[in-house]
Amino acid sequence: MTRIVSGFAGSLALQVPKSGTRPTSDRVREAVFSGLEARDAVRGARVLDLFAGSGALGLEAASRGASRVVLVEKSSAAAAICRRNAEAVVRAAPKDARPTVDVRATAVQPFLSAASASASRFDLVFVDPPYDLPDAELLAALTALVPLLTEDAVVCVERSTRDGAPTVPDGLVLDRTRAYGETAVHYLTPSATEDF
């Protein structure tokens, strides 16, 4: 069972699509968010969750104090689950501190193109594609993401440990990688930012 780990919606059970997704385990989410919170990268953040699946990563951020979360998921069935999970998390929020959660049922690349045209900016981004996504498609998504990032943004890319580090486009640098069993999380920041 997938649950929100901490924050105002801590222990809330999340629905998960029956197939086609690979939810990030509670243990990995707890480790990732411990590091992000130590850097004060979550509270008040504008968060983007690409390849959202159930929305667990973005909704964990909402529960821990992110102000705005956008979940992007191309599967209409998974996007519907994201909406139900988002509604449950927002309902659990204190009335004076409800995050805004938007679900976009679209593929990542069209979303990023439209967001670039609208001048949207994000402080924290989760990129958790299917493990079989070709590296060229991941690189294209990361390249399109660069102009949408704030100066101190953090981008967390989740891949299989067997795949190695992703190819990083101009405008981003790989700061560190942490492995959790079969899962590796690569932390990227804009080129001008160091010392994560």
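Above this note sits the structure.
The text that follows walks through the structure, step by step, so that each part is easy to find. Note that the structure is a prediction, hence the values are computed from the model and not measured. (Residues numbered from 1 in each chain as written. Predicted model: local features only at pLDDT ≥ 70, side-chain atom pairs only at ≥ 80, totals over all residues. Heavy atoms only, no water.)

Let us look at the nonpolar core. Judged by nonpolar contacts, the single largest core of 33 residues is most densely connected at L36, L124, F126 and C156. Mapped by element, the contributors of at least two residues to this core are α1 (26-38), α2 (56-63), β4 (68-72), α3 (76-92), β5 (100-104), β6 (122-127), β7 (149-160) and β9 (183-190). Ranked by the residues each element gives to this core, the list is headed by α2, at 5 residues. Apart from the residues within four sequence positions on either side, F126 is in contact with V32, F33, L36, V47, L48, D49, L50, L57, G58, A61 and C156. With 24 residues, the next largest nonpolar core counts F111, L112, V127 and L148 among its residues. (Core = buried A, V, L, I, M, F, W, Y, C linked by side-chain atoms within 4.5 Å. Buried < 20%, exposed > 50% of the residue type's maximum accessible area, 1.4 Å probe, protein only. Helix = DSSP H or I, 4+ residues; strand = E, 2+ residues; numbered from the N terminus. Contact = heavy atoms within 4.5 Å.)

Positionally, N85 belongs in helix α3. Accessibility expressed as a relative area gives 3% for N85, which makes it buried.

With respect to the helices and strands, D123 occurs in strand β6. Within polar-contact distance, the side chain of D123 engages the backbone nitrogen of R46 at 2.8 Å. Among the polar contacts listed, one links the side chain of D123 to the side chain of T150, at a separation of 3.1 Å. The contact partners of D123, leaving out residues within four places of it in the chain, are G44, A45, R46, T150, D152, A153 and V154. (Polar contact = N/O pair within 3.5 Å; in protein donor to acceptor, adjacent residues only side chain to side chain.)

Time to look at the packing of aromatic side chains. As enumerated under the stated definition, the model contains 1 aromatic pair in all. Summarising the aromatic geometry, the rings of F33 and F126 are spaced 5.5 Å apart at their centres and angled 40° between planes, so their arrangement reads as tilted. Of this pair, F33 sits in helix α1 while F126 sits in strand β6, and the two are 93 residues apart along the sequence. No difference in accessibility class separates F33 from F126, as the two residues are buried. (Phe/Tyr/Trp six-rings, centres within 6.5 Å; stacked < 30°, edge-to-face > 60°.)

Nothing here speaks to function; it is all geometry.
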